[in-house]
Amino acid sequence: MNNTGTMCSQQQQRCLKLWLSALICCVLVAFDQLVKWHIRSSFAVGEVQPGIAGVFEFCYVQNRGAAFGAAQGAQVIFSIFAVVIVGFCIRVLVRASRLALLEHACILAICAGALGNAIDRVVLGYVVDFINLKFMTFPVFNLADIYITCAAIAVMVMLLVCPSRVYALISCGSYTSTNSEE
């Protein structure tokens, strides 16, 4: 196959990967929003329902602050911040030449989490939180928070293992690797 055919095929694969990424992100956001809708329609604010005994319970909270209830009342700032985060995630997905599977998953999770909570802030004026841990004192949170937190932890682990890879990811570089994950 000539170079033109190879380049076209690579562009098609890249385009397909971006569309698949968008679909996965939309599914994560839809799942987050569906669960939040269920909580809003089934619970009164402050109502508590059992989850797994000793592990967590469901408790509907309207969070007008940042992650885990910090900085109450700054919805506009948090909405703008979410747009910046989503824009950054899209930029990385579009510009980074090669991403390992874990890197790709982290970016999608951060993007979906930011979008899920931003939708709440813009549409409702607050974020729907509903998971309350029973085995430790911790703020009530939601699925979007889980997406972001798990991705952030994975990025921190990657930073410890391969700092140059994380730097390349953040700067949208074209770090190349021989990992079989790519």
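The shown structure was predicted, so the numbers you read here are calculated from the model rather than taken from an experiment. (Residues numbered from 1 in each chain as written. Predicted model: local features only at pLDDT ≥ 70, side-chain atom pairs only at ≥ 80, totals over all residues. Heavy atoms only, no water.)

Draft legend 1. Up close: the UniProt feature "transmembrane region" (unreviewed entry) in the protein chain. Those residues carrying the UniProt feature "transmembrane region" (unreviewed entry) are residues 16-35, 76-94, 106-128 and 140-161 in this numbering. Structurally, residues 76-94 is divided into 100% helix and 0% strand, and its ends, taken at the C-alpha atoms, are 27 Å apart. Annotated as residues 140-161, this span is 86% helix and 0% strand, and its ends, taken at the C-alpha atoms, are 31 Å apart. (UniProt positions renumbered as here; feature names shortened; annotations may be inferred. Helix = DSSP H or I, 4+ residues; strand = E, 2+ residues; numbered from the N terminus.)

Draft legend 2. Representation of the pattern of salt bridges in the model. Under the counting rule described, the total for this entry stands at 3 salt bridges. The partner of Lys 36 in a salt bridge is Asp 32, with the nearest N and O atoms 3.0 Å apart. Residue Lys 36 and its partner Asp 32 are both found in helix 1 (residues 3-42); the two are separated by 4 residues, about one turn of the helix. Accessibility classification places Lys 36 together with Asp 32 in one group, the buried group. As a salt-bridge pair, Lys 36 and Asp 120 come within 2.9 Å of each other at their nearest N and O atoms. Here Lys 36 is found in helix 1, whereas its partner Asp 120 is found in helix 3 (residues 101-124), with 84 residues between them in sequence. Because the salt bridges share partners, they merge into one network encompassing Asp 32, Lys 36 and Asp 120. (Salt bridge = Lys/Arg side-chain N within 4 Å of Asp/Glu carboxyl O. Buried < 20%, exposed > 50% of the residue type's maximum accessible area, 1.4 Å probe, protein only.)

Draft legend 3. Expanded view of the pairing of strand 3 (residues 127-133). Most of strand 3 sits inside the fold, with 7 of its 7 residues counted as buried. Pairing between strand 2 (residues 56-63) and strand 3: 6 bridges, direction antiparallel. Its bridge partner being in strand 3, Val 61 is matched across the sheet by Asp 129. (Pairing = 2+ DSSP bridges.)

Draft legend 4. Examining helix 4 (residues 143-161) more closely. End to end, helix 4 covers 27 Å across 19 residues, agreeing with the expected 27 Å (1.5 Å per residue, within 8%). Those residues of helix 4 lying buried are Leu 143, Ala 144, Asp 145, Tyr 147, Ala 151, Ala 154 and Met 158. With a side-chain oxygen positioned 2.9 Å from the backbone nitrogen of Ala 144, the residue opening helix 4 is Asn 142. (Expected span 1.5 Å × (residues − 1). Polar contact = N/O pair within 3.5 Å; in protein donor to acceptor, adjacent residues only side chain to side chain.)

Draft legend 5. View of the environment of Phe 31. Positionally, Phe 31 belongs in helix 1. Linking Phe 31 and Ala 144, residues 113 residues apart in sequence, is a C-alpha distance of 9.5 Å. Ignoring sequence-local partners within four residues, the contact set of Phe 31 consists of Leu 143 and Tyr 147. (Contact = heavy atoms within 4.5 Å.)

Draft legend 6. Looking closely at the UniProt feature "active site" (unreviewed entry) in the protein chain. UniProt marks Asp 129 and Asp 145 with the feature "active site" (unreviewed entry), using the numbering shown here. The annotated residues occupy 17 residues of the chain but converge on a single region, no pair of C-alpha atoms lying more than 8.9 Å apart. Here Asp 129 lies in strand 3. Exposure remark for Asp 129: the relative accessible area of 1% places this residue in the buried category. The contacts of Asp 129, once residues within four sequence positions are left out, are Cys 59, Tyr 60, Val 61, Asn 63, Val 140, Phe 141, Asn 142 and Asp 145. Position of Asp 145 among the secondary structure elements: in helix 4.

Draft legend 7. How the structure looks around the packing of helix 2 (residues 75-95) against helix 3. With their axes 9 Å apart at the nearest point, helix 2 and helix 3 run at an angle of 150° to one another. Between helix 2 and helix 3, the angle falls in the class roughly antiparallel. For the pair helix 2 and helix 3, the crossing hand works out as left-handed. Here Gln 75, Phe 78, Ser 79, Ala 82, Ile 85, Val 86, Cys 89, Val 92 and Leu 93 of helix 2 come into contact with helix 3, specifically with His 104, Ile 107, Leu 108, Ile 110, Cys 111, Ala 114, Leu 115, Ala 118, Arg 121 and Val 122. (Axes fitted to C-alpha atoms, helices over the stretch in contact; angles between N-to-C directions. Parallel < 35°, antiparallel > 145°, perpendicular 65-115°, else oblique. Left-handed = near helix turned anticlockwise from the far one by under 90°.)

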